[in-house]
Amino acid sequence: MTSTPQSAAQSSSESTAPSAGAHAFDVVDSEILVEAPIIALRRDRVRMPGGRIAAREIVEHFGAVAVVALDDDGRICLLRQWRQTARDRLIELPAGILDVAGEDPLVAARRELAEEAGVAAERWSLLTDIYVSPGFAEETVRIYLAEGLSDADRPEPEDEEADMTESWVDLAEAADMVIRGEVLNSIAVAGILCAHVTLSEGRVRREADVPFAIRPTRLADRRAAALGPDADLKHVPEAGD
């Protein structure tokens, strides 16, 4: 039994088609659909394998930092904060967005730790950088481990933070809370488990000043260009700014 030869067109098509994993997803054009204080919504039109142009809606974000604050007794700071999207109070780490133009993420992490947990730290190391929801959002988060804690001044909380509660939980117990499904915030899940592995297995600490290569820049750069480098990036530019 002989095989049927391929047609010349089919053979040519297969020979010129890019192999999987090699396609360049070129952006044909982009438009901003929504500008809001801490996000924007952008639509990119992207060339897909085979040449089709498809629309992809993307949430632009400033990026954020989060902190696993570990005290001398092996406990970490966990916050319970209302999240409107979840319609629930979620267990989280001290965290905040990078809404100051060009701000060093470690400087932002120190500020957020003081504001949300009322502590400062002598020693800082990098646990991980993550994409929070890469299917549609640019948001990335740098998660630090903070040790050598001491008290710090804490401003009066506002909005959701005025309802936030704080607890100090043994790191191993916090990891068990993740496994039991009690911690649903993805940033907290990643930070707690990375810290647990780092501490329980005696891993070498990563330097805190490693470049934050996946930090998103589109929203911050556009706002800074419209408002000036020292402006509050959460301000939505008016037409003509």
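What counts and what doesn't
- Here the residue numbering is sequential within each chain, running from 1 through the sequence in written order.
- Only residues with pLDDT of 70 or above have their local features reported here, since the model is predicted, and side-chain atom pairs are shown and tallied only from 80 upward, although totals for entire chains, interfaces and linings are computed over all residues.
- Based on all heavy atoms of the structure, the side-chain values leave hydrogens and waters out of the count.
- Each cavity reported here is a set of points on a 1 Å grid over the protein atoms alone in which a 1.4 Å probe fits but cannot get out, each pocket an open set with protein on both sides within 12 Å along at least five of seven lines, and each lining residue one with an atom within 4 Å of a point.
- Grid points are joined across faces, edges and corners, and a volume is the space filled by probe spheres set on the points.
- Labels follow the DSSP assignment, with helices taken as runs of H or I lasting at least four residues and strands as runs of E lasting at least two, numbered in each case from the N terminus.
- Each residue is assigned to one of three groups, with Ala, Val, Leu, Ile, Met, Phe, Trp, Tyr, Cys and Pro labelled nonpolar, Asp, Glu, Lys and Arg labelled charged, and all others, Gly among them, labelled polar.
- Any Lys or Arg side-chain nitrogen located within 4 Å of an Asp or Glu carboxyl oxygen qualifies as a salt bridge.
- Burial here depends on accessible area, computed with a 1.4 Å probe over protein chains only, as a share of the maximum for the residue type. Under 20% is buried, over 50% is exposed, and the range in between is partly exposed.
- Whether two aromatic rings pair depends on their centres lying within 6.5 Å, for rings of Phe, Tyr and Trp, where Trp uses its six-membered ring; planes under 30 degrees apart make the pair stacked, over 60 edge-to-face, and the rest tilted.
- Joining through side-chain atoms within 4.5 Å is the link that ties buried Ala, Val, Leu, Ile, Met, Phe, Trp, Tyr and Cys residues into a set, and such a set is a nonpolar core.
- By definition, residues are in contact when any of their heavy atoms lie within 4.5 Å.
- Any N or O atom pair separated by 3.5 Å or less is treated as a polar contact, with the protein-specific requirement of one donor-capable and one acceptor-capable atom, and with residues adjacent in sequence counted only for side-chain atom pairs.

Asks: Even after reading the chapter, I still don't get the layout of surface pockets, so can you show me in this structure?
Replies: Regions of empty space are outlined by a rolling probe, equal in size to a water molecule, passed over the atoms. As a volume, the largest pocket reaches approximately 1500 Å³. Forming the boundary of the largest pocket are 46 residues, of which I38, Q81, R83, G96 and I97 lie nearest the centre. Counting residues per element, the ones that place at least two in the lining of the largest pocket are β3 (53–61), β4 (64–69), β5 (75–83), β6 (88–92), β7 (95–97), α2 (105–117), β10 (165–170) and α4 (186–200). In this model, the second largest pocket occupies a volume close to 160 Å³. Lining the second largest pocket, in full, are R56, E57, I58, Y131, P134, G135, F136, A137 and E138. Class assignment for the residues of the lining of the second largest pocket results in five nonpolar, one polar and three charged.

Asks: Would you explain the pattern of salt bridges in this entry?
Replies: Where charged atoms from two side chains of opposite charge approach closely, those side chains can pair. A complete count under the given rule lists 23 salt bridges for this structure. Among the ionic pairs, E60 bridges to R222, the shortest N-O distance being 2.7 Å. Separated by 162 residues along the polypeptide, E60 in strand β3 and R222 in helix α5 (residues 218–227) bring together distant segments of the chain. For E60, a relative accessible area of 0% gives the class buried. Several salt bridges share partner residues, and in doing so they unite E35, R42, D44, E60, E138, R218, R222 and R223 into one network.

Asks: Is there a simple way to explain the packing of aromatic side chains in this structure?
Replies: The geometry of an aromatic ring pair comes down to the distance between the two centres and the angle between the two planes. Enumeration over the complete set of coordinates arrives at one aromatic pair. Residues W124 and Y144 carry aromatic rings whose centres are separated by 5.8 Å and whose planes lie at 85° to one another, so their mutual orientation is edge-to-face. Of this pair, W124 sits in strand β8 (residues 119–131) while Y144 sits in strand β9 (residues 140–151), placing them 20 residues apart in sequence. Of the two residues examined, W124 and Y144, each falls in the buried class.

Asks: Would you explain the nonpolar core in this entry?
Replies: Buried together is how nonpolar side chains tend to be arranged in soluble globular proteins. Grouped together as the largest cluster of nonpolar side chains are 25 residues, with contacts concentrated most on V68, I76, L78, L93, I143 and I192. For this core, the secondary structure elements donating two or more residues are β4, β5, β8, β9, α3 (171–179) and α4. In this view, L78 contacts I91, E92, L93, T165, E166, S167, V169, A174, M177 and I192; residues no more than four positions away in its chain are not counted. Core analysis: the next-biggest nonpolar cluster, separate from the first, contains 19 residues, C77, V119, A121 and A208 among them.

Asks: I keep staring at the side chain of E112 and nothing clicks. Help me out?
Replies: As for its position among the elements, E112 is in helix α2. What makes E112 buried here is its relative accessible area of 9%. Residue contacts for E112: discarding those within four places in its chain leaves V65, A95, G96 and A117.

Asks: How should I be thinking about the environment of R203 in this particular structure?
Replies: In this structure, R203 sits in the loop between α4 and β11 (206–207). Leaving out residues up to four positions away in the same chain, R203 has contacts with V197 and T198. A polar atom in the side chain of R203 sits 2.7 Å from the side chain of E201.

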